[in-house]
Structure formats: structure tokens, C-alpha cells
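Commentary on secondary and tertiary structure
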Amino acid sequence: MVASRAPLPDLDALDPHELKALIVTQHELIVSRDGELERLKLLIAKLQRMRFGRSSEKLDRQIEQLELQLEALQQNDAEKVAALPEPLASAERQARRARRPLPAHLPREVRTYPPKQEACPDCGGKLKHLGDDVSEMLEIESIRFKVIRQVRPKMACGGCDRIVQAEAPSRPIARGVAGPGLLAHVLASKFADHLPLYRQSEIYARQGVELDRSTLADWVCGTSQLFEPLVAALRRHVMAAQKLHADDTPVPVLAPGNGKTKTGRLWTYVRDDRPAGDETPPAVWFAYSPDRKGEHPQTHLSKFRGTLQADAYAGFEQIYETGRIQEAACWAHVRRKFYDLHVAHKSPVAVEALRRIGELYAIESDINGRTPEERREIRNARSRPLLESLKQWLDETLIKLSKKSDTAIAVRYALGRWEALLRYCDDGHLEIDNNAAERALRAVALGRKNYLFAGSDRGGESAAAIYSLIGTAKLNGIDPESYLRNVLSRIAEHPINRIEELLPWNVAAEAAAHSLHAA
């Protein structure tokens, strides 16, 4: 509800002193409101930096509420500016327009507005072009459907009656009516923008196009099957890394026959060595399983050799026992346990633990993007003494705690994985935590809130394939919808032995080369 406002006084009836006082008062109100807006923005940014994977749901709700509060304040602020007398209102608006220019890559539609007068309104003389005042306005066009009619003329030979005709153009889905752009839009809307198919169906109906959910679901399944060779190539790229981030999250799946849901899992494996100065394209591969048995990650990682950065999931233990994969534990999980204690009990032990762990993260911020050798050297010089002091403090603290207390559990969690928690100091390729995997699962968590469950195990596998491509496109700074449109327009006829050419970074490099050549 919009707060009621006192009516603006008659400005013509005010003397100069009263008018000046009114302007000063209104300006002070706006300055105060600007301070509140900045406070909220800083608080939201702080909370967003504190997000920690699956335990962040309460924090997410808090951020959502603050975002709504900020939006309401900004709307109220705009109304207050509108109520100001001119020219103060104009000056305030101008100050708020000090923003970045409109993106240069957007197409420009030029509209010219010549004067209505064809001759000088004073003397009737001929008008000459003196110059232009140019301003820009950002606009958006609604979804515009079109039908592509494919016409293939039949040509007959006059001498032998041979009929010649071009082959029918391939379609992403055989005999399907959806073009690459529409399929890409459906996939990006569902898996990148978290818009369920039934809502998409309603949106399209407003455009006069009836596409029921079953049709859209068929398209999702059909494209995921089409993507299988490409996702397999993506998996090979991910598993060729020396270090992987891994995590999983529950996905409710509709159980066949009884209308109830069971709990499947989406596993994520992330290759991203950019923090260590590596220019190898980052990528994420998702896999679906109907349960959380340890056999699934064992199968996923059967060809991987290197270091796995993950949480304390027991299913990984058998993988570490083989010796071909080393464990690097996650300091964010340790920190999260103490953070939860701090929120619940204001525990002094938790405060001290968070302070000490924060010092480790401050060092990581300083060395982000440096070479592995530099990172290892700095960690051993700066982080290792802090870690040795932290372990001594944890050992001494544990003796003073009740064995069954939550604080003791958090301390034992850290001490029980100490060797794996130290591993990042000895290898500059490793990270201090597993946040890369948890960030990859954010899209799944957001989508899960909107479309509740997958329709079947096959639906879970389709979701994993599409999340893999969309997530990798995002990691490489590529618009997912544009990327999927490009792939879907080519993949049906693309040689299977050159499928790597359709990986996101290769498509982006090809597009950049074409743009450079055209220029």
C-alpha cells in the first residue's frame, strides 16, 4: 500500500524564505531516504556474500524480504521526487540518471522528429539544418511468434521426366513444429529463469499460441536426447581436470503409479581453475540418480584421477580408499557449522572460530587469480601458521566442552578432517572450499522452489543434461538462450566426431571470429 502524502502547499503563496525552507526540508528527506537505500543495498550485498549452499534457505528468505523492502522504498522515493517543485524535482531526477550508457550492442531504431514548421515562424525564411539533439530510450518488444513456411519446389526434366527437389531442411526434433529459437527459449525459461512449463504455456496463450504442457515437456525430453553426445563431450572435458569440485542436492521425483514423490539426487562436478590463473574453459557436468547411494559418484568418477573437493559425504570414502583420488575438504562447511552456532546461541567459541577462519579467507582473496606456485608459497607463509594456531586452539577448546554439545560436534568435525582441510596449502591448484560446486547447485535450488518435482527419473536425466549446458554457458559468460539456439540450429546435422565444436567456449570463439572477419 502506498503511504498517503500531505498535499503540496500553494507555492505561489509562499514568500522566498518559506519556499527556501520547503526546498531544504524536501531535500533533507531525500538525502535521508538515499541513506536508507544505500544501507539496505549494503546489507543485501553482505548477506549474499554469506550464502552457504543448502543451509542458506533462511538467508535467502531474508534477502528476498530485504529486496522487497528496497523495492518499496525506491518506489516511494520516486513518488516523493515527483511531488517536489520544479526545478528541484528535475535536478533530483538528473542526479539519479548518472548511470552507465545503454549497451552498445543493442540494435538502434532511429526515429527522427523534424520541426512542424517548414519555414521560419518569425520571418518565413528557409530553414537550414544546424545540428541534432540526440537522446536514447530503452524499449523491449514482447515475444513475437512467427511461422516459417518451408517451400520446396518440384522441378521436372522436360526430356526424361526426372523430378528434382531439394531435401527437406533438418529440424531439431524430427517432425516437430518448434524451431531452434523457440526450443532454446523454452529450455532457458525453465532451467535458467526457473519458469515452470505451465506458466510458459499461459504466457504463450496470451500471444494467441496454444502450447500445452505435454507438448512443452515432449520438447524438453526431445532436446535432452539430442544433446546426449554434446553432454558426453562436456563430461570428458570436466573429468580431464586435475581437481574437481563435487556436491549433490535432493530432487523430488514423481513416483510412477501412486502420485507420490520420491527423492532423487542431482550431482554436480565442476571444473574451474580460473582462481589459480588457469585459462582452461570452466565447465560443470550434472548427473541424476534415483537415490544417494555411494555407487553413483563412484561410477561418475570412474575415469577421474586427481583431487576431489567435496563435503564429508560418506559415499566418497570408498573413492578415497582407492588412492587414485585425494580428498580436499571444505572450509566453508566448517565455517557454516560455527556460523549456525553463532546465530542460535551467540557462542563465544563460534565467534572466535569465525574470526580465525575469516583470516584464512582474507588471504585467499589476496591471492585469487595468481599462479599455483605463488598461491602455494603465500599459503605456506601466511595461512599455515594461522592453521597451526587454529588447531591448537580447537584442541584446547574441545577439552573444556561437553562431549554432546553442538559446539563440541562442530569442533570435532573440523579436527576429524584436519589433514584434508590442510591439503589446499600444499597445492596451489586447490581452493579453500567447495563453493564452486555449491554455486552450480543454486540454479537447481531456485528451480526446485518453482516446479516442485521432476516428472520421472527420465525427467531428472533430462534436467541434468540441460543444467550441464546452461551452467557451463554461464561459467563462460555466454548467454544460455543464445548458445542453445545456436546449438539447436546445427546439432542435428553436425558430425558426431566433431561434437566438441559445439561446446560453449568453442561456439563463442567461432562467433567472435566471424564478427572480427565481418568487421
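Summarised in this report is the structure supplied together with it. (Residues numbered from 1 in each chain as written. Predicted model: local features only at pLDDT ≥ 70, side-chain atom pairs only at ≥ 80, totals over all residues. Heavy atoms only, no water.)

Some words on the side chain of Gln 200
Within the secondary structure, Gln 200 is located in helix H5 (residues 197-206). Polar contacts involving the side chain of Gln 200 include one to the main-chain carbonyl oxygen of Leu 195, which spans 3.1 Å. Those residues in contact with Gln 200 that lie beyond four places of it in its chain are His 185, Val 186, Ser 189, Lys 190, Leu 195 and Leu 216. (Helix = DSSP H or I, 4+ residues; strand = E, 2+ residues; numbered from the N terminus. Polar contact = N/O pair within 3.5 Å; in protein donor to acceptor, adjacent residues only side chain to side chain. Contact = heavy atoms within 4.5 Å.)

A short note on helix H13 (residues 406-416)
Among the residues making up H13, those that are buried are Thr 407, Ala 408, Ala 410, Val 411, Tyr 413 and Ala 414. In this fold, the buried residues of H13 make contact with helix H10 (331-345), helix H11 (348-367), helix H12 (372-400) and helix H14 (418-426). (Buried < 20%, exposed > 50% of the residue type's maximum accessible area, 1.4 Å probe, protein only.)

Side note on the packing of H10 against H13
Between two packed helices, both the angle of their axes relative to each other and the distance between the axes serve to describe the pair. The contact between H10 and H13 brings their axes to 9 Å, and the two run at 170°. Looking at the two axes, H10 sits roughly antiparallel to H13. You can see that H10 and H13 cross each other, and the crossing is left-handed. Contact residues: His 333, Val 334, Lys 337, Phe 338, Leu 341 and His 345 in H10; Asp 406, Thr 407, Ala 410, Val 411, Tyr 413 and Ala 414 in H13. Taken together, the residues that form the contact of H10 with H13 break down as seven nonpolar, three polar and two charged. (Axes fitted to C-alpha atoms, helices over the stretch in contact; angles between N-to-C directions. Parallel < 35°, antiparallel > 145°, perpendicular 65-115°, else oblique. Left-handed = near helix turned anticlockwise from the far one by under 90°. Nonpolar A, V, L, I, M, F, W, Y, C, P; charged D, E, K, R; others polar.)

What about the nonpolar core?
Residues Phe 227, Leu 230, Leu 301, Leu 308 and Tyr 483 are the most contacted members of the largest nonpolar core, which totals 70 residues. Considering each element in turn, this core owes the most residues, eight residues, to helix H17 (residues 457-475). Residues in contact with Leu 308, not counting those within four places in the same chain, are Leu 244, Ala 246, Leu 301, Phe 316, Tyr 320, Ile 325, Gln 326, Glu 327 and Ala 328. Among the nonpolar cores identified, the runner-up in size contains 31 residues, and Cys 330, Val 349, Leu 354 and Leu 394 belong to it. (Core = buried A, V, L, I, M, F, W, Y, C linked by side-chain atoms within 4.5 Å.)

Examining the pattern of salt bridges
Under the definition given, this model contains 26 salt bridges. Ionic pairing is found between Arg 458 and Glu 228, a salt bridge with its closest N-O pair at 3.7 Å. With Arg 458 in helix H17 and Glu 228 in helix H7 (residues 228-239), this pair connects stretches of sequence that are 230 residues apart. For Arg 379, the salt bridge is made with Glu 364, and the minimal N-O distance between the two is 2.7 Å. With Arg 379 in helix H12 and Glu 364 in helix H11, the pair connects residues that are 15 residues apart, well separated along the chain. The exposure class assigned to Glu 364 is buried, which follows from its relative accessible area of 9%. (Salt bridge = Lys/Arg side-chain N within 4 Å of Asp/Glu carboxyl O.)

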